[in-house]
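# Observations on chain architecture
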Amino acid sequence: MAAEAHRPVASQDELFKLIEGRRDELVELTRELIRFPTINPPGEAYQPCAEYIGRRLKARGFQVAYVHAVGTPGDEVRYPRINVIARREGVAPGPTVHFNGHIDVVQAGGGWTMDPFAGIVKDGKVYGRGACDMKGGLAASIIAVEALIDSHPKMPGALEISGTVDEESGGFGGVHYLAQRGWFSAPRVDHVIIPEPLNVDRVCIGHRGVWWAQIETRGRIAHGSMPFLGDCAIRHMHAFIERLERDLYPRLATRSTEMPVVPSGARHSTLNINSLHGGQAETSGYPTPCVADSCRMVIDRRLLIEEDMEDVKDEVRQLLEQLSRERDGFRYSIRDIFEVRPSMTDRDGPVARSTAAAIREVLGRDAEFVCSPGTYDQKHIDRIGKLRDCIAYGPGILDLAHQPDEYAGIDDMVNSAKVMALAAAALVHGAA
Ligand SMILES: [Zn+2]
């Protein structure tokens, strides 16, 4: 299958040489992208970064569109949600391959030993916030597509590259918005590769789902010296945590999935307590002597493809209901904050198979198929765009994402560009 899938490129060697010859250009492009401090929140520097990508691709014959996601969370005059989508038609009709990279990055945070927005190159690596997640991947996809076009002028189909915003905050002003408007659906697009940092030899076919909810227990305020006159909401919450420990956590640990999630600890259902706030806030460092009348908890439940969202919610609600029946004064409310269903494409589908074949060709070893423990923009492409043939594949090292001194290895970027170019060549020729 591998040999057949690769035949479309006039000369694979020529393509690889072209990409190797653009190694410095790839590094420079990554550095330029890192220098836009596209921090989300609030959504800094989106427009200049999108326009930088758009200008580059327009000069190379792409039709470029800017889509402003008006009215989406965080969109305001100072922080407009601007996405860029570039498309280049081939010489004959055929499938469209789309590379989607998010341009936003998380806050730099502490612990850096260098300027996170300088794009410093050292020891074969490009450092900076977003180098790994995922400007190195986005740059590699741009170089891949440009080299493919240059080495293969008679190519059919179409190639698209997008730089989208807000992935780190749910994608509402980015891929979610675009998917709702047909940018990620057939017949416009057939195959999508998202160069998220999943390691250079891994094909990521999907991700677990997520449910965030806030649970509040309520009590009755009283003087802290006479707690028997009140009813402590924190003690009620403690009773709930005990139920989680006793009933829910053991159950979740026994549930496992056939999704190849990495790391393997995430092949079970998980629940994290993201935060807990109870009682009166301290004023100027002094606590108030009151019985807590409210305690709030935010939970982060991650779902497997085998789990149903309603069942997952019911399981938590039932614990709360049991406590209402069994514990004096237990009153609670629960509110959904955010939910995403799990998404997983077929590992035998065109995009997964072509990418795996290209990894074998470039790296000389078999690709590993994985799923991500957390979600990324694939959910919107799958659920809203109804486009199933989507994977994540990119050069960054997963564990470095969001860390201080985040980097992308230059060899990995070059290799991933070859993989992306080869996979795209097979796909535009109708590899299935
Ligand atoms: Zn990312």
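Relevant structure appears above.
In this report, we go over the structure that sits alongside the text.

The rules behind each value
Residues numbered from 1 in each chain as written. Predicted model: local features only at pLDDT ≥ 70, side-chain atom pairs only at ≥ 80, totals over all residues. Heavy atoms only, no water. Helix = DSSP H or I, 4+ residues; strand = E, 2+ residues; numbered from the N terminus. Buried < 20%, exposed > 50% of the residue type's maximum accessible area, 1.4 Å probe, protein only. Polar contact = N/O pair within 3.5 Å; in protein donor to acceptor, adjacent residues only side chain to side chain. Contact = heavy atoms within 4.5 Å. Donors = N, O, S within 2.8 Å, 3.2 Å for Na, K, Ca; no water. Tetrahedral: all angles 85-135°; square planar, octahedral: opposite > 155°, others 65-115°. Pairing = 2+ DSSP bridges. Axes fitted to C-alpha atoms, helices over the stretch in contact; angles between N-to-C directions.

Residue position: Gln214 is located in strand β9 (residues 209–218). Exposure remark for Gln214: the relative accessible area of 14% places this residue in the buried category. Separated by 3.5 Å, the side chains of Gln214 and Arg296 make a polar contact. Excluding anything up to four places from it in sequence, Gln214 contacts Arg296, Met297, Val298, Ser333, Ile334, Arg335 and Ile337.

Right, let's talk about the coordination of the zinc ion for a bit. All of the protein donors around the zinc ion are His102 (NE2), Asp133 (OD), Glu196 (OE) and Glu196 (OE); their distances to the metal are 1.9 to 2.7 Å. For the zinc ion, the four donor atoms in the first shell make angles of 52 to 145° at the metal, a pattern classed as irregular. Mapping the donors of the zinc ion onto the primary sequence yields the spacing H-x30-D-x62-E. Highlighted residues: His102 in strand β3 (residues 96–102) and Asp133 in helix α5 (residues 131–151), separated in sequence by 31 residues.

Pairing is antiparallel in the open sheet, where four strands are placed in the order β10-β11-β9-β12. With partners counted over all chains shown, the strands left at the sheet margins are β10 (270–278) and β12 (331–340), one partner each. Neighbour to neighbour, the strand axes of the sheet diverge by 15° on average, direction disregarded. As paired elements, β9 and strand β11 (residues 294–303) share ten bridges and run antiparallel to each other. In the sheet register, Val210 faces β11, and the bridge partner there is Arg302.

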